[in-house]
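# Report on the structure
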Amino acid sequence: MAEACNDLSGDGLVDLQDRLLHRGFVTPKRNVNQIMIQDNAFINRMIVFTWPFFAIFLLGQPWLSNWANNTWYDYTATYRVYKDDASVEGDYKRPGMCDTEAKYMHCTDGQNFTELALKYRGKAVGCGCGQGVLGEGLCPMTSYGY
């Protein structure tokens, strides 16, 4: 019975349009063309507004990677291992987020990676394949950069 009161269009369906129309939320005077123009203008404004932020984010990746890896290269979580009888076997830690020895890392721009790692991390380690935040960022590792 309450649904019949909310069926403003008389089509037997109670939908959001029926609930909002003539209640001050949606004006029935807008036509389809006007809505399409406003939608397109909104999308274009959002693209123009967000594009500089996205570009800054992308261009900042080498610096973000370098900072994050230098800050958290030795971070590790404690992993609790349980036995079959549900008692605790022990707590274990991994060597860190980046644990590749610096002697295996090579800078393509001629810098000495071991010296860079010691200078910025205090330890001669690098972030190998799949390690670190966004890969290694101390120096370029490939011919095309970072």
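A few points on the structure. (Residues numbered from 1 in each chain as written. Predicted model: local features only at pLDDT ≥ 70, side-chain atom pairs only at ≥ 80, totals over all residues. Heavy atoms only, no water.)

## Looking at the pattern of salt bridges
Within this structure, the stated rule accounts for three salt bridges. As a salt-bridge pair, Glu 101 and Lys 103 come within 3.6 Å of each other at their nearest N and O atoms. According to the relative accessible area criterion, Lys 103 is exposed, its value standing at 59%. A salt bridge links Glu 136 to Arg 121, with the nearest nitrogen and oxygen atoms 2.7 Å apart. (Salt bridge = Lys/Arg side-chain N within 4 Å of Asp/Glu carboxyl O. Buried < 20%, exposed > 50% of the residue type's maximum accessible area, 1.4 Å probe, protein only.)

## A look at the nonpolar core
Of all hydrophobic cores here, the largest spans eight residues; its members are Ala 102, Met 105, Cys 107, Phe 113, Leu 116, Ala 117, Leu 138 and Cys 139. Those residues in contact with Cys 107 that sit more than four places away from it in its chain are Phe 113, Leu 116, Cys 139 and Pro 140. (Core = buried A, V, L, I, M, F, W, Y, C linked by side-chain atoms within 4.5 Å. Contact = heavy atoms within 4.5 Å.)

## A closer look at the state of the cysteines
Under the defined criterion, the tally for this structure stands at two disulfides. For Cys 98, the disulfide goes to Cys 127, at an S-S distance of 1.8 Å. On the sign convention where negative is left-handed, the bridge of Cys 98 and Cys 127, at about 75° about the S-S bond, is right-handed. You can see Cys 98 sitting in the loop between strand S2 (88-93) and strand S3 (100-101) and its partner Cys 127 sitting in the segment after strand S4 (125-126), a full 29 residues away along the chain. A single burial state applies to Cys 98 and to Cys 127, both of which are buried. Through a disulfide, Cys 107 is tied to Cys 139; the S-S separation comes to 1.9 Å. In this structure, the disulfide formed by Cys 107 and Cys 139 twists by about -80° around the S-S bond and is classed as left-handed. Of the two residues, Cys 107 sits in the loop between S3 and helix H5 (113-121) while Cys 139 sits in the segment after S4, which places them 32 residues apart along the sequence. There is no split in this pair, since Cys 107 and Cys 139 are both buried. Each bonded cysteine of the protein gets a number by its place in the sequence, and the pairs then read 1-3, 2-4. (Disulfide = S-S within 2.5 Å. Helix = DSSP H or I, 4+ residues; strand = E, 2+ residues; numbered from the N terminus.)

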